[in-house]
Amino acid sequence: MTLGVAAALAMLSAPIASAQEALSPDEMAALCHGGSSICVSATIPVARTTQAVQSWMSPDVGAAWATGYKGQGVTITMVDDFSSTSRFSGNFGIGVQTQRHGEWTREEASMIAPSATIRSKDFSTGSAVSLARGLNVLNLSYGMYTTAGYSVNQIWWAPEEASIINYATRGTAVVSKAAGNDAVAVGAAINGQQDYLDLALIGKSTAIFVGALSTNGTTANKAQLAWYSDYAGTNTQVQSHFLVVGVEGDKTGLYGTSFAAPIISGYAAIIGSKFTKATPVQITNDLLNTARTDTLANYDPSIYGKGEASLSRALAPVAIH
């Protein structure tokens, strides 16, 4: 499913979600990919009345909740599609729903960090992303594509992406960026196009690229990179800011690194609710430095970057610096 096509550099301000959309081996009925196709289906509203740990989540989430850390005091801003006619179906364990891409990612982040404040920023507006008081986390489950071969400093950014890049550069917000679903290294060209938002975030202090595992990993049952997920590649700046998490689409019907990034956004909020004086840089580094490699099959930093995010390890210290 492509939400927009940037045919020329001047149109780069039009967001494209295709690289973070699900490429399901099951061919999900309500998802299309490629061209400018739009998939529409009837809305099935389902109200969430209770908050429970779901089978697709890492057990670390429930353990964090049990100790009182649920994201309170932290704001997660979802920059995503909240206005298009494109919808697809899935089930996060609370009943089948048919929603827009942003509604899905927003729900996922809110289920991981139920006490966080969740803001929705429609990425079609192009206006700057504002920050709230306290710790801010920005979720980017989309990419910005145009013809490959430009340098990042040749790109004219809309105020939206310019503000995001600025926050990641200055370390004033944690930025969780879906790595992409083209099974290439972060920032690599695919079909003559590149995700320049990826390229612009490489080397930025609070940017985290998030890839997808097909399951949550354990030492007994090691996880592998999902077949569609982009990987870290040979750039050590990417490797040092790349994490993977389980996206168990066999349970939810939702596949793609779009659904990896909100997990990291939720984790960052949970960590921020324990370490209430920590900066976005400290939260970012805590997530990166506590990632696990012993839960991954044939760990290689060019594939998995720092490894599988471990919420329990990130929460373990008395303080972070």
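Structure: see above.
The sections below set out a description of the structure shown in this document. (Residues numbered from 1 in each chain as written. Predicted model: local features only at pLDDT ≥ 70, side-chain atom pairs only at ≥ 80, totals over all residues. Heavy atoms only, no water.)

1. Considerations on the overall build of the protein
- Broken down by element type, the protein carries 10 helices and 11 strands.
- In the protein, of all internal contacts separated by at least 6 residues, the share reaching a separation of at least 24 is 76%.
- On the protein, roughly 11,900 Å² of surface is accessible, and the fraction owed to carbon and sulfur atoms is 52%. (Helix = DSSP H or I, 4+ residues; strand = E, 2+ residues; numbered from the N terminus. Contact = heavy atoms within 4.5 Å. Areas by Shrake-Rupley, 256 points an atom, 1.4 Å probe, with all protein chains shown as cover.)

2. Quick look at the sheet that holds strand β1 (residues 74–80)
- Sheet architecture is open: seven strands sit in the order β4-β1-β5-β7-β9-β10-β11, paired in parallel fashion. A strand with exactly one partner marks an edge of an open sheet, and here the two such strands are β4 (117–122) and β11 (307–308).
- With respect to the sheet, helix α3 (residues 159–170) is in contact with β1, β4, β5 (135–140), β7 (174–178) and β9 (207–213), its orientation differing from that of β5 by roughly 130 degrees. (Pairing = 2+ DSSP bridges. Axes fitted to C-alpha atoms, helices over the stretch in contact; angles between N-to-C directions.)

3. Examining the pairing of β5
- Across the six residues of β5, six count as buried, placing the element largely inside the fold.
- Burial along β5 is two-sided: L135, V137 and N139 and N136, L138 and L140, pointing in opposite directions, are all buried.
- Examined bridge by bridge, β1 and β5 share six bridges and lie parallel to one another. Following the sheet pairing, M78 is matched in β5 by N139. (Buried < 20%, exposed > 50% of the residue type's maximum accessible area, 1.4 Å probe, protein only.)

4. What to know about the pattern of salt bridges
- Under the counting rule described, the total for this entry stands at seven salt bridges.
- Residue D294 is joined to R313 by a salt bridge in which the shortest nitrogen-to-oxygen separation is 3.9 Å. Of this pair, D294 sits in the loop between α8 (280–289) and α9 (301–304) while R313 sits in helix α10 (residues 311–315), and the two are 19 residues apart along the sequence.
- A relative accessible area of 37% places R313 in the partly exposed class.
- Through salt bridges with shared partners, a single network forms among K177, D195 and D198. (Salt bridge = Lys/Arg side-chain N within 4 Å of Asp/Glu carboxyl O.)

5. Quick notes on the packing of helix α2 (residues 101–112) against helix α7 (residues 261–274)
- At their nearest, the axes of α2 and α7 sit 8 Å apart, and the two run at 35 degrees to each other. Handedness of the crossing formed by α2 with α7: right-handed. Two secondary-structure elements touch here, α2 through T105, E108, A109 and I112 and α7 through P262, I263, G266, Y267 and I270.
- Here the residues of the contact of α2 with α7 are counted per class, giving six nonpolar, two polar and one charged. (Left-handed = near helix turned anticlockwise from the far one by under 90°. Nonpolar A, V, L, I, M, F, W, Y, C, P; charged D, E, K, R; others polar.)

6. Let's talk about α8
- Residues of α8 that are buried include every one of P280, I283, T284, D286, L287 and L288, and no others.
- As for α8, its buried residues are in contact with β5, β7, β9, β10 (242–246), α7 and α10.

7. Observations regarding the packing of aromatic side chains
- In this structure the tally under the stated criterion is nine aromatic pairs.
- Each ring, one from W227 and one from Y228, has its centre 5.8 Å from the other, and the planes form 80 degrees; the classification is edge-to-face.
- Members of the aromatic cluster, each reached through a chain of ring pairs, are W56, F88, F92, W104 and F259. (Phe/Tyr/Trp six-rings, centres within 6.5 Å; stacked < 30°, edge-to-face > 60°.)

8. What about the nonpolar core?
- By size, the foremost hydrophobic cluster in this structure holds 51 residues, and its most contacted members are I264 and Y267.
- Top contributing element to this core by residue count: α7, with seven residues.
- Setting aside residues up to four positions removed in sequence, Y267 forms contacts with S58, V61, I112, L287, A309 and L311. (Core = buried A, V, L, I, M, F, W, Y, C linked by side-chain atoms within 4.5 Å.)

These results come straight from atomic positions and should not be treated as a statement about function.
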